[in-house]
Amino acid sequence: MYEYITGKLTYISPAYVVLDVQGVGYQIALGNPYRYSSKLEQTITIYVQQIIREDAHSLYGFETLAEKQLFLRLLSVSGIGPKSGLAIMANEDHQGLIQAIEAGDVNYLIKFPGVGKKTAQQMVLDLKGKLAELVENPMSLFHQGNDDNALAEAIEALQSLGYSPKETKRVEKVLEKENYQSTDEYLRAALKLMMKK
């Protein structure tokens, strides 16, 4: 529902910060709230993920969109909930985390709070090979709308529409041979190809 919140940082606690947006204080849980210590009383932007549980509606915050995407992938692993996901994200060596998953380094992963051997093995099983773009190009998650990532944006849009990665891969191979200028053009062409199958 929310992508990010921009507001005045009015309070920092060990578990969360408060952003004031036109008189409404948003409590946002962070892995390391103190990374914002120098920004108290300043206007900042925090990327957020709202998670609704039976007993709580919570906002989890991240400094960048790439961090938020990594958090969401961690949540896809059985045994990792929002709190343990945030605890893992608190260690700001995210590239090290990704590389450990890619390498199957269970001993590195069990160092995180709440991550036992079984959960670490599940992380490797579920995420290995799915975090490559975060290692190779951390900026790939920041869509600036330039020509270079128009195809990638179109494929992401297809997946958000409910097409499987297998389906989008097939279409992506065909579209790589084209030379469209915008995400819109790639998406229109991709949808036509999807309808033909």
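Residues numbered from 1 in each chain as written. Predicted model: local features only at pLDDT ≥ 70, side-chain atom pairs only at ≥ 80, totals over all residues. Heavy atoms only, no water.

### Topic: the pairing of strand β1 (residues 4-12)
Here's step 1: In this structure, β1 lies alongside strand β4 (residues 43-52), joined through 5 bridges in antiparallel fashion. If you follow T6 over to β4, its bridge partner there is T45.
Here's step 2: Bridge analysis of β1 against strand β2 (residues 16-21) gives 4 bridges, and the strand direction is antiparallel. Within β2, the residue paired with K8 across the bridge is D20.
Here's step 3: The loop that links β1 with its antiparallel partner β2 comprises 3 residues. (Pairing = 2+ DSSP bridges. Helix = DSSP H or I, 4+ residues; strand = E, 2+ residues; numbered from the N terminus.)

### A word on the pattern of salt bridges
Here's step 1: Applying the stated criterion across every chain yields a total of 4 salt bridges.
Here's step 2: One salt bridge in this structure joins E67 and R35, with 3.1 Å as the shortest N-O distance. With a gap of 32 residues between them, E67 in helix α1 (residues 65-75) and R35 in the loop between β3 (24-29) and β4 connect regions that are remote in the sequence.
Here's step 3: With relative accessibility at 10%, the residue E67 sits in the buried group. (Salt bridge = Lys/Arg side-chain N within 4 Å of Asp/Glu carboxyl O. Buried < 20%, exposed > 50% of the residue type's maximum accessible area, 1.4 Å probe, protein only.)

### Describing the packing of aromatic side chains
Here's step 1: Here the structure, examined in full by the defined rule, presents 6 aromatic pairs.
Here's step 2: Between F62 and F71 the ring centres are 4.8 Å apart and the planes differ by 40 degrees, which places this aromatic pair in the tilted class. For the pair F62 and F71, a shared accessibility class is recorded, and that class is buried.
Here's step 3: Each ring, one from Y180 and one from Y186, has its centre 5.2 Å from the other, and the planes form 90 degrees; the classification is edge-to-face. (Phe/Tyr/Trp six-rings, centres within 6.5 Å; stacked < 30°, edge-to-face > 60°.)

### Thoughts on the UniProt feature "domain: Helix-hairpin-helix DNA-binding motif class" (unreviewed entry) in the protein chain
Here's step 1: Taking the UniProt record as the reference, the feature "domain: Helix-hairpin-helix DNA-binding motif class" (unreviewed entry) is found at residues 72-91 and 107-126.
Here's step 2: Note that residues 72-91 is 65% helix and 0% strand, and that its end C-alpha atoms are spaced 16 Å apart.
Here's step 3: Between the first and last C-alpha atoms of residues 107-126 the distance is 17 Å; the span itself is 65% helix and 0% strand. (UniProt positions renumbered as here; feature names shortened; annotations may be inferred.)

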